[in-house]
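# Inside the fold
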Amino acid sequence: MAVFKVRLTSGEERLVEAGRAARTDTGHILIEDTDSLGVWTLLETYEPTDVSAVYRRGPAESGIYTWIPQPTAGRWWSY
């Protein structure tokens, strides 16, 4: 499980605990989690025009936990 922060273009922010976040080739942001059998399920989808940034909570190079920005372009996934 990881904690993700989704910053919306409206100025709002969402904190989501999930198994992974992903950005598709079309720019859609997907928030997914697994069930007890390890099957991935889509929890939320965000339109590319609605999202200004996505962050994952994790350790920085210093070892201190912080919000790590995810790429704003291209396909990616983060666990």
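Below is a summary of the structure that appears in this document. (Residues numbered from 1 in each chain as written. Predicted model: local features only at pLDDT ≥ 70, side-chain atom pairs only at ≥ 80, totals over all residues. Heavy atoms only, no water.)

Moving on, we come to the overall build of the chain. Along the backbone of the chain there are zero helices and eight strands. In sequence order, the chain lays out its α and β elements as β-β-β-β-β-β-β-β. What you see for the chain is a C-alpha radius of gyration of 12 Å, in line with the 12 Å of a compact globule of 79 residues. Here the chain holds 79 residues, and 37% of them are scored as buried. (Helix = DSSP H or I, 4+ residues; strand = E, 2+ residues; numbered from the N terminus. Rg over C-alpha atoms; globule rule 2.2 N^0.38 Å. Buried < 20%, exposed > 50% of the residue type's maximum accessible area, 1.4 Å probe, protein only.)

A separate point is the sheet that holds strand E1 (residues 2-8). A sheet is described by the order of its strands in space; here four strands give the open sequence E2-E1-E6-E7, paired in antiparallel fashion. At either margin of the open sheet sits one strand with a lone partner, and together these are strand E2 (13-18) and strand E7 (65-69). Averaged over all adjacent pairs, the angle separating strand axes in this sheet is 30°, with direction ignored. With five bridges joining them, strand E6 (residues 51-59) and E7 adopt antiparallel strand pairing. Bridge pairing in E7 links Arg 57 to Trp 67. (Pairing = 2+ DSSP bridges. Axes fitted to C-alpha atoms, helices over the stretch in contact; angles between N-to-C directions.)

Buried together is how nonpolar side chains tend to be arranged in soluble globular proteins. If you look at the biggest cluster of nonpolar residues, it comprises 13 residues, and the most contacted ones within it are Val 6, Ile 29, Ile 31, Tyr 46 and Val 51. At the level of elements, E1, E2, strand E4 (29-34) and E6 are the ones that each hand at least two residues to this core. Counting residues per element, this core draws most heavily on E1, which supplies four residues. Setting aside chain neighbours within four positions, we find Ile 31 in contact with Val 6, Val 16, Ala 18, Arg 20, Ala 21, Thr 41, Leu 42, Leu 43, Glu 44 and Tyr 46. (Core = buried A, V, L, I, M, F, W, Y, C linked by side-chain atoms within 4.5 Å. Contact = heavy atoms within 4.5 Å.)

Attention now goes to the side chain of Glu 32. Along the polypeptide, Glu 32 turns up in strand E4. Polar contacts involving the side chain of Glu 32 include one to the side chain of Arg 20, which spans 2.5 Å. (Polar contact = N/O pair within 3.5 Å; in protein donor to acceptor, adjacent residues only side chain to side chain.)

Turning next to the side chain of Thr 24. Turning to its location among the elements, Thr 24 is positioned in the loop between strand E3 (20-23) and E4. Within the local environment of Thr 24, its side chain forms a polar contact with the side chain of Thr 26, the two groups lying 2.9 Å apart. For Thr 24, the residues in contact, after removing those within four places along its chain, are Leu 30, Gly 74 and Arg 75.

Within the open sheet, the four strands sit side by side as E5-E4-E3-E8. Their pairing is antiparallel. One side of each edge strand has no neighbouring strand; the edge strands of this open sheet are strand E5 (40-46) and strand E8 (76-78). Strand-to-strand twist across the sheet, computed as the mean angle between neighbouring axes with direction ignored, equals 20°. Relative to E5, E4 runs antiparallel, the two sharing six bridges. Bridge pairing links Glu 32 to Leu 42 in E5.

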